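# Examination of the molecular architecture
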Amino acid sequence: MSETPFPRLPAFSDDERVARARAAFDRLANRRTCRAFTDAPVPREVIEYAIRAAGTAPSGANHQPWHFTAISSPAIKRAIREAAEAEEREFYAGRASDEWLEALAPLGTDPDKPVLETAPWLIVCFAQRKGGIAEDGATGNYYVTESVGIACGLLLATLHEAGLATLTHTPSPMGFLRDICGRPAHEKPLMIVVAGHPDPRATVTDHALRKKDIAVIANWL
Ligand code: IYR
């Protein structure tokens, strides 16, 4: 085992730390799920840095059990839209429980997913159930969902920092994404992150603005 010193962190005062934490919170608190995008292009480099940021996430045994397929090809976006809408039509028409559909009602979502074609980028996020650091498809991976969840959080945060709107879309089920993206059977699609510029007519529901208070989401011992 070889080691290097822990990287030097900036010597902020506590006041500066509070101000910076607050500023980071203020920026992140502005993120909204976007359900209508324009077709304005976004440079591939932005997506590349967001994926690099995702790739810095901590992961079980540092196996980095994720893969991201970034799609700007209109033909592939169309194929994904068609397959997602086919699954979603069944989901909304009965595959989902009544309780689930009731929970979704305040979001106003439906099986039509035009954004999958309109937005300039779809990033399909895969979790590698096996493979290790060498991606050999056999070595065990650990805390896979947790690791990829953190990576997706960093992906979303970086895209937001870059001034882009995002949508996490989870067509149900989503095995078709593996086929369209040409990924192996041990990779499980977790979500599609749609990224681009918001349509000026895009709206946010009141429901989405109801964030739980710090007093509810945290306790202090
Ligand atoms: N996958 C469907 C339904 C859906 C489910 C949840 I949970 C959401 O928070 C939003 C939507 C869809 O994308 O419409």
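Rules of the game
- Residue indices begin from 1 for each chain and proceed along its sequence in written order.
- For a predicted model such as this one, the threshold for reporting local features is a pLDDT of at least 70, and the threshold for listing and counting side-chain atom pairs is 80 or more; totals across whole chains, interfaces and linings nevertheless cover every residue.
- Excluding hydrogens and water, the side-chain values take into account all heavy atoms of the structure.
- We call a residue near a molecule or strand whenever a single non-hydrogen atom of that residue lies within 4 Å of it.
- Residues adjacent in sequence count toward polar contacts only when both atoms are side-chain atoms; beyond that, a polar contact is any pair of N or O atoms within 3.5 Å, and within protein one must be able to donate a hydrogen and the other to accept it.
- Surface accessibility follows the Shrake-Rupley procedure with a 1.4 Å probe radius. Residue values consider only the protein chains on display as shielding.
- Counting from the N terminus, the helices are DSSP H or I runs at least four residues long and the strands are E runs at least two residues long.
- We call two residues in contact whenever any of their non-hydrogen atoms come within 4.5 Å of each other.
- Partly exposed describes any residue whose relative accessible area lies between the buried limit of under 20% and the exposed limit of over 50%, with all areas from a 1.4 Å probe on protein chains only and scaled to the type maximum.
- Note on pairing: DSSP must find at least two bridges between two strands before they are called paired.
- The length a helix should cover is 1.5 Å for every residue beyond the first.
- As used here, the term nonpolar core means buried Ala, Val, Leu, Ile, Met, Phe, Trp, Tyr and Cys residues forming a set that is joined through side-chain atoms within 4.5 Å.
- It is the directions from the helix axis to the C-beta atoms that the arc portrays.
- UniProt positions are given in the numbering used here, feature names are shortened, and annotations may be inferred rather than shown by experiment.
- In this analysis, axes come from line fits to C-alpha atoms, helices being fitted only over the stretch in contact, and the angle between any two N-to-C directions falls in the range 0 to 180 degrees.

As annotated in an unreviewed UniProt entry, the protein chain is Nitroreductase family protein from Tsuneonella litorea.

## A short note on the site of the ligand
The ligand sits among Glu88, Phe91, Tyr92, Trp100, Leu104, Leu107, Thr109, Lys113, His169 and Thr170. Lys113 is positioned such that a nitrogen or oxygen atom in its side chain is 2.5 Å from an oxygen atom of the ligand. Contact distances for the ligand include 3.0 Å between an oxygen atom and a side-chain N or O atom of His169. Burial of the ligand by the protein amounts to 73% of the accessible area it has alone, namely 370 Å². Among the elements that line the shell around the ligand, the one with the most residues is helix H3 (residues 74-95), at 3 residues.

## Description of the side chain of Thr109
Turning to its location among the elements, Thr109 is positioned in the loop between helix H4 (98-104) and helix H5 (115-118). Polar contacts involving the side chain of Thr109 include one to the side chain of Tyr92, which spans 2.8 Å. Residues in contact with Thr109, not counting those within four places in the same chain, are Arg35, Tyr92 and Leu104.

## Regarding the pairing of strand E4 (residues 187-196)
Where burial is concerned, most of E4 is hidden: 9 out of the 10 residues are buried. Pairing of strand E2 (residues 121-128) with E4, which is carried by 8 bridges, proceeds in the antiparallel orientation. Bridge assignment links Val124 to a residue of E4, and that residue is Ile192. Examined bridge by bridge, strand E3 (residues 165-169) and E4 share 5 bridges and lie antiparallel to one another. Directly across from Ala165, in E4, lies its bridge partner Gly196.

## With respect to helix H6 (residues 144-161)
Here H6 is 18 residues long and its end C-alpha atoms lie 26 Å apart, about the 26 Å a rise of 1.5 Å per residue gives. The elements touched by buried residues of H6 are helix H1 (14-29), helix H2 (44-54), strand E1 (66-71), E2, E3 and E4. Count one or two residues on from H6 and you reach Gly163, which has phi positive near 85 degrees.

## Let's talk about the nonpolar core
Grouped together as the largest cluster of nonpolar side chains are 23 residues, with contacts concentrated most on Phe68, Ile123, Cys125, Leu155, Leu159 and Val193. Within the residue set of this core, elements represented by two or more residues are H2, E1, E2, H6 and E4. Residue contributions to this core peak at 7 residues, all from H6.

## Some words on unusual backbone geometry
A cis amide bond links Ser172 with the next residue in sequence, Pro173, at an omega value of -5 degrees. Here Pro173 is to be found in the loop between E3 and helix H7 (176-181). Despite not being glycine, Tyr143 shows a phi value in the positive range, around 45 degrees. Topologically, Tyr143 is positioned in the loop between E2 and H6.

## So, H2
For H2, every residue scored as buried is listed here: Ile47, Ala50, Ala53 and Ala54. Viewed along the axis of H2, the buried residues span an arc of 120 degrees, placing them on a single side of the element. Those residues of H2 that are exposed and aimed more than 90 degrees away from the buried face are Arg44 and Arg52. Buried residues belonging to H2 abut E1, E2, H6 and E4.

## Focus on the UniProt feature "domain: Nitroreductase" (unreviewed entry) in the protein chain
According to UniProt, the feature "domain: Nitroreductase" (unreviewed entry) maps to residues 29-197 in the numbering used here. When the span residues 29-197 is considered, its composition is 41% helix and 17% strand, and the gap between its end C-alpha atoms is 18 Å.

## Structural notes on the sheet that holds E1
Reading across the sheet, the 4 strands line up as E1-E2-E4-E3 and stay open at both edges, with antiparallel pairing between neighbours. In the strand order of this sheet, the two ends are held by E1 and E3, each with one partner. Each adjacent strand pair in this sheet contributes to an overall mean axis angle of 25 degrees, direction not counted. Against the sheet, H6 engages E1, E2, E3 and E4, with an angle of about 160 degrees to E2.

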